[in-house]
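# Results of the structural survey
The chain contents come next:
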Amino acid sequence: MADVEETIKRIQSQKGVVGVIVMDNAGRAIRSTLDDDQTAQYSALLQTLCERAKGAIRELDSTNDLTFLRLRTKKVSVLTPLLYIL
């Protein structure tokens with residue numbers, strides 16, 4: 001677990017990073033640098049976004065799978081690696 005904590009600290013130390021959330025496949029936050037309310041809000045929204053994006057990719061090409069999602073607006077960027085550890 002020390003590697004996970006080191007990685008979170010490294011990401012958090014990057015310029016412009018507001019927070020880091022580590023979620024499981026069900027959208028539950030495992031670790032977060034945000035407060036509880038923000039973590040719950042972002043986790044729910046990101047889970048929905050990721051599921052819809054994965055579904056869209058599967059509809060376009062059933063042999064393909066979404067592994068990384070980047071959402072960029074004028075104000076923020078959200079980077080979401082979609083990793084599945086079995």
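See above for the structure.
It should be emphasised that the depicted structure is a prediction, and the values quoted were computed from it without experimental measurement.

Counting residues in hydrophobic clusters, the biggest one holds 5 residues: Cys50, Ala53, Leu66, Leu69 and Leu82. Here Leu66 is in contact with Cys50, Ala53, Lys54, Ile57 and Leu82, once residues within four sequence places are set aside.

When strand β1 (residues 21-23) meets strand β2 (residues 29-32), the two strands line up antiparallel, connected through 3 bridges. Looking at β2, one finds that Ile21 is bridged to Ser32. Hairpin connection from β1 to β2: 5 residues lie between these consecutive antiparallel strands, with Gly27 at a positive phi of about 90°.

Across 5 bridges, strand β3 (residues 68-72) lies against strand β4 (residues 77-81) in antiparallel orientation. Each residue of the ladder has a partner; that of Leu69, found in β4, is Thr80. Linking two consecutive strands that pair antiparallel, namely β3 and β4, is a turn of 4 residues.

To continue, consider the environment of Lys74. Tracing the backbone through its elements, the reader meets Lys74 in the loop between β3 and β4. Put simply, Lys74 and Arg28 are 46 residues apart on the chain and 28 Å apart in space, counted from C-alpha to C-alpha.

This part is about the side chain of Thr39. Looking at the secondary structure, you find Thr39 in helix α2 (residues 36-60). Looking at Thr39, the relative accessible area reads 8%, which means it is buried. With near-sequence residues (within four places) excluded, Thr39 lies in contact with Ile21, Ala29, Ser32 and Leu34.

Once that is clear, we can look at the environment of Gln38. Take Gln38: it is sitting in helix α2. Counting along the chain gives 17 residues from Gln38 to Ile21, while the straight-line C-alpha distance between them is 10.0 Å.

The end-to-end C-alpha distance of α2 is 36 Å, a good match for the 36 Å that 25 residues give at a rise of 1.5 Å each. Three or more residues of α2 are buried, namely Thr39, Ser43, Leu46, Gln47, Cys50, Ala53 and Lys54. Buried residues along α2 sit in contact with β1, β2, β3 and β4.

Analysis parameters
Residues numbered from 1 in each chain as written. Predicted model: local features only at pLDDT ≥ 70, side-chain atom pairs only at ≥ 80, totals over all residues. Heavy atoms only, no water. Core = buried A, V, L, I, M, F, W, Y, C linked by side-chain atoms within 4.5 Å. Buried < 20%, exposed > 50% of the residue type's maximum accessible area, 1.4 Å probe, protein only. Contact = heavy atoms within 4.5 Å. Pairing = 2+ DSSP bridges. Helix = DSSP H or I, 4+ residues; strand = E, 2+ residues; numbered from the N terminus. Expected span 1.5 Å × (residues − 1).

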